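Okay, here's what each chain looks like letter by letter:
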Number of protein chains: 2
Amino acid sequence: MRTKDPAVRSLLLDRAAQMLRTRQPVTLRSLVAGTDVSTMAVYTYFGGMDGLWKALRQEGFTRLAAKLAAVPMSEDPVHDLAALGAAYLSNALEAPDLYRVMFDTGFELEDAAAADESLHSLVHAIERAKAAGRFRGDVDPVALATQSWAIGHGLASLVATGPLPHAALAHVVPVLTALFIGAGDTPDRCRQSVERGWNQNPPA
Amino acid sequence: MRTKDPAVRSLLLDRAAQMLRTRQPVTLRSLVAGTDVSTMAVYTYFGGMDGLWKALRQEGFTRLAAKLAAVPMSEDPVHDLAALGAAYLSNALEAPDLYRVMFDTGFELEDAAAADESLHSLVHAIERAKAAGRFRGDVDPVALATQSWAIGHGLASLVATGPLPHAALAHVVPVLTALFIGAGDTPDRCRQSVERGWNQNPPA
DNA sequence: CGCGTAAGCATAGCAATGTTATGTATTGTG
DNA sequence: CACAATACATAACATTGCTATGCTTACGCG
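Conventions used here
Residues numbered from 1 in each chain as written. Chains lettered and ligands numbered in written order. Predicted model: local features only at pLDDT ≥ 70, side-chain atom pairs only at ≥ 80, totals over all residues. Heavy atoms only, no water. Core = buried A, V, L, I, M, F, W, Y, C linked by side-chain atoms within 4.5 Å. Buried < 20%, exposed > 50% of the residue type's maximum accessible area, 1.4 Å probe, protein only. Contact = heavy atoms within 4.5 Å. Helix = DSSP H or I, 4+ residues; strand = E, 2+ residues; numbered from the N terminus. Expected span 1.5 Å × (residues − 1). Buried area = accessible area lost by both parts, 1.4 Å probe. Polar contact = N/O pair within 3.5 Å; in protein donor to acceptor, adjacent residues only side chain to side chain. Domains from an automatic or database assignment. Salt bridge = Lys/Arg side-chain N within 4 Å of Asp/Glu carboxyl O. Nonpolar A, V, L, I, M, F, W, Y, C, P; charged D, E, K, R; others polar. Least-squares fit on C-alpha atoms with pLDDT ≥ 70 in both. Near = heavy atom within 4 Å.

1. Focus: the nonpolar core
Next up, step 1: Counting residues in hydrophobic clusters, the biggest one holds 102 residues, and the most contacted among them are Phe135 and Phe180 of chain A together with Phe135 and Phe180 of chain B.
Next up, step 2: For Phe135 of chain B, the contacting residues outside a window of four places in its chain are Val78, Leu81, Ile126, Ala129, Lys130, Leu144, Phe180, Ala183 and Asp185 of chain B.

As structure tokens, this is what we get:
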């Protein structure tokens, strides 16, 4: 028998991601055109176009998780939360079409764990903030992480899909600041931490 | 010559919205099947499927604006802001597919004004909150409205597309509360206003 | 080392999609 | 009442994703 060549799978995924980036329609035939593989490759490696989209979604979540994991942690957990937010928005806006695919319904995500994975880095930073006395002891880390995520996703989505201009991303700073102050942080200190975390690596 | 019958246009739009709600694929032929009009109707009234999607988007924004306009205003502007948020999320979640179409890129919105229209009710309530001394004088109403919108959209989008469960909508209460406290409102009073505004008409 | 077989892979054909072309019917207008 | 412009129906067309059919390849076992 014959074994699958993982290089072909990566080739198709990368090419699909690139076509997404350059805003060319990703169609079965246009995807394999220019390569030495034929349309059947999509079926042997992904089972069809739906499988390709699902794989692309997972690819998006994987890249996001990698970006978040690459953010260096400091001794200031609130600073780190803002830095994670900046990384999240950077990732979303440097490949808006991929970000949109990530949250496209209709393709059940075989991942499910990937989204939680990304949330976990937020949860961990929030737990550190509690341990450091920055946040009150009664804050629910998962709830606060979910709320932060919703804020970042809301802005990323509105910018990626058009209604808001690129510059609107900066709105995340005052909103996160208000949220973290509500969680117990000292206002002045919170403002400083969030702003430094954001400015350390703001979206282009 | 012959004049267009506006009833046909409404029929197609309503039928498309209904098919969206029942999660049937909205295709040119399936749309006109079962009616007495033929495929050409879509072209005479919308210029093609793209035109139909654009019209559906506008329909979504129009319905949203109507729902927001129907929210009764009280003497408590912070209460009203929460009520507007509840109406926004109710509207989004009672027709999630239409909501998703509203923020689908690829179809430039001939509306543009419609989105701003919805924002305006928020801006107005924020201005009333400033006038009532609930918010500081230096808050930018448009900026604060945009931030509130991003919060609502983020939660609505994450729930509508799957990652978060229905119950996660309640997260909007603590986040809006923190945001409004950050805008200058008194913590206890803010909490009461937001909770009452939310509970007055919470999403099903 | 070699062969058989299971799986990758290419070609071609199929159903369904959106669109356009062409002719007909209808209805507002002078 | 006649003209003409426009809605409308039918049908053909290009492109989409998918499947059927062979053929080729290379892994595994004797």
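Past the structure itself, the notes keep going.
2. Examining helix α4 (residues 49–69) of chain A
Residues and elements named next belong to chain A.
Next up, step 1: End to end, α4 covers 30 Å across 21 residues, agreeing with the expected 30 Å (1.5 Å per residue, within 8%).
Next up, step 2: Inspection of α4 places Met49, Gly51, Leu52, Trp53, Ala55, Leu56, Arg57, Gly60, Phe61, Leu64 and Leu68 among the buried residues, and these make up the whole buried set.
Next up, step 3: Those residues of α4 that are buried lie in contact with α1 (6–21), α2 (28–32), α3 (40–46), α5 (77–94), α6 (96–102) and α7 (113–131).

3. Observations concerning the interface of chain B and chain A
Next up, step 1: Taken together, the contact between chain B and chain A spans 23 residues of the former and 23 residues of the latter.
Next up, step 2: Across the chain B/chain A interface, buried area totals approximately 2200 Å², and carbon plus sulfur atoms make up 77% of it.
Next up, step 3: Inspection of the chain B/chain A interface yields 4 residue pairs in polar contact (both at pLDDT 80 or more).
Next up, step 4: Elements that contribute at least two residues to the side of chain B that touches chain A include exactly α8 (141–160) and α9 (172–182) of chain B.

4. Description of the domain arrangement of chain A
Residues and elements named next belong to chain A.
Next up, step 1: Assigned domains of chain A: these are domain 1 (1–47) and domain 2 (57–199).
Next up, step 2: Just the C-alpha atoms count here: the centres of domain 1 and domain 2 sit 32 Å apart.
Next up, step 3: With 6 residues of domain 1 at the interface, the matching set in domain 2 holds 6 residues.
Next up, step 4: Contact with domain 2 buries area across many residues of domain 1, yet Leu20, Arg21 and Arg23 alone supply 68% of it, more than any other trio.
Next up, step 5: Between the two partners, domain 1 and domain 2, sit 1 salt bridge.
Next up, step 6: There are 1 residue pair in polar contact (both at pLDDT 80 or more) connecting domain 1 and domain 2.
Next up, step 7: For the side of domain 1 that touches domain 2, the class distribution of residues is 3 nonpolar, no polar and 3 charged.

5. Some words on the relation of the copies chain B and chain A
Next up, step 1: Superposing chain B onto chain A takes a rotation of 180 degrees combined with a translation of 0.0 Å along the rotation axis, leaving an RMSD of 0.0 Å. Taken together, the rotation angle and the small translation identify this as a two-fold axis. When C-alpha positions in chain B are compared against the rotation axis, the closest is assigned to Gly154 of chain B, at 1.8 Å.
Next up, step 2: Here 100% of the interface residues in chain B have copies in chain A that are interface residues too; the copies meet face to matching face.

6. Remarks on α8 of chain B
All names here are of chain B.
Next up, step 1: For α8, built from 20 residues, the straight-helix expectation of 28 Å at 1.5 Å per residue is met to within 8% by its first-to-last C-alpha distance of 28 Å.
Next up, step 2: Of all 20 residues that make up α8, 19 are buried, and the element is covered over most of its length.
Next up, step 3: Regarding α8, its N-cap is Asp140, as a side-chain oxygen of that residue lies 3.1 Å from the backbone nitrogen of Val142 further along.
Next up, step 4: Backbone geometry just after α8 places Gly162 at a positive phi near 115 degrees.

7. Side note on the pattern of salt bridges
When charged atoms on two side chains of opposite charge get close, those side chains can pair.
Next up, step 1: Within the structure shown, the criterion is met by 20 salt bridges over all chains.
Next up, step 2: The residue Arg191 of chain B makes a salt bridge to Asp188 of chain B at a minimum N-O spacing of 3.1 Å. Note that Arg191 of chain B and Asp188 of chain B are positioned in helix α10 (residues 187–199) at a spacing of 3 residues, about one turn of the helix.
Next up, step 3: Asp188 of chain B sits in the exposed class, given a relative accessible area of 52%.
Next up, step 4: What you see here is one network of salt bridges that share partners, running through Asp76, Arg134, Asp185 and Arg196 of chain A.

8. So, the environment of His120 of chain A
Next up, step 1: Turning to its location among the elements, His120 of chain A is positioned in helix α7.
Next up, step 2: Taking C-alpha positions, His120 of chain A is 31 Å from Met49 of chain A, a pair spaced 71 residues apart along the chain.

9. Some remarks on the side chain of Ser118 of chain A
Next up, step 1: Turning to its location among the elements, Ser118 of chain A is positioned in helix α7.
Next up, step 2: In this structure, Ser118 of chain A is in contact with Leu64, Ala65 and Leu68 of chain A, ignoring residues within four places of it in sequence.

10. Quick notes on unusual backbone geometry
Next up, step 1: For Arg23 of chain A, which is not glycine, the phi torsion reads 60 degrees and is therefore positive.
Next up, step 2: Locating Arg23 of chain A in the fold gives a position in the loop between α1 and α2.

11. Describing the protein's contact with DNA strand C
Next up, step 1: Taken together, the neighbourhood of DNA strand C is formed by 20 residues, with Lys4 of chain A together with Thr27, Leu28, Arg29 and Tyr43 of chain B sitting nearest.
Next up, step 2: Considering DNA strand C, the proportion of its atoms within 4 Å of the protein that are sugar or phosphate atoms stands at 58%.
Next up, step 3: A distance of 3.5 Å is found between a base nitrogen of DNA strand C and a backbone nitrogen or oxygen belonging to Met1 of chain A.
Next up, step 4: Contact distances for DNA strand C include 2.9 Å between a phosphate oxygen and a backbone N or O atom of Met49 of chain B.
Next up, step 5: When contributions to the surface near DNA strand C are tallied by element, the ones reaching two or more residues are α3 of chain A together with α2 (28–32) and α3 (40–46) of chain B.
Next up, step 6: Of the residues contributing to the surface near DNA strand C, the split by class is 9 nonpolar, 5 polar and 6 charged.

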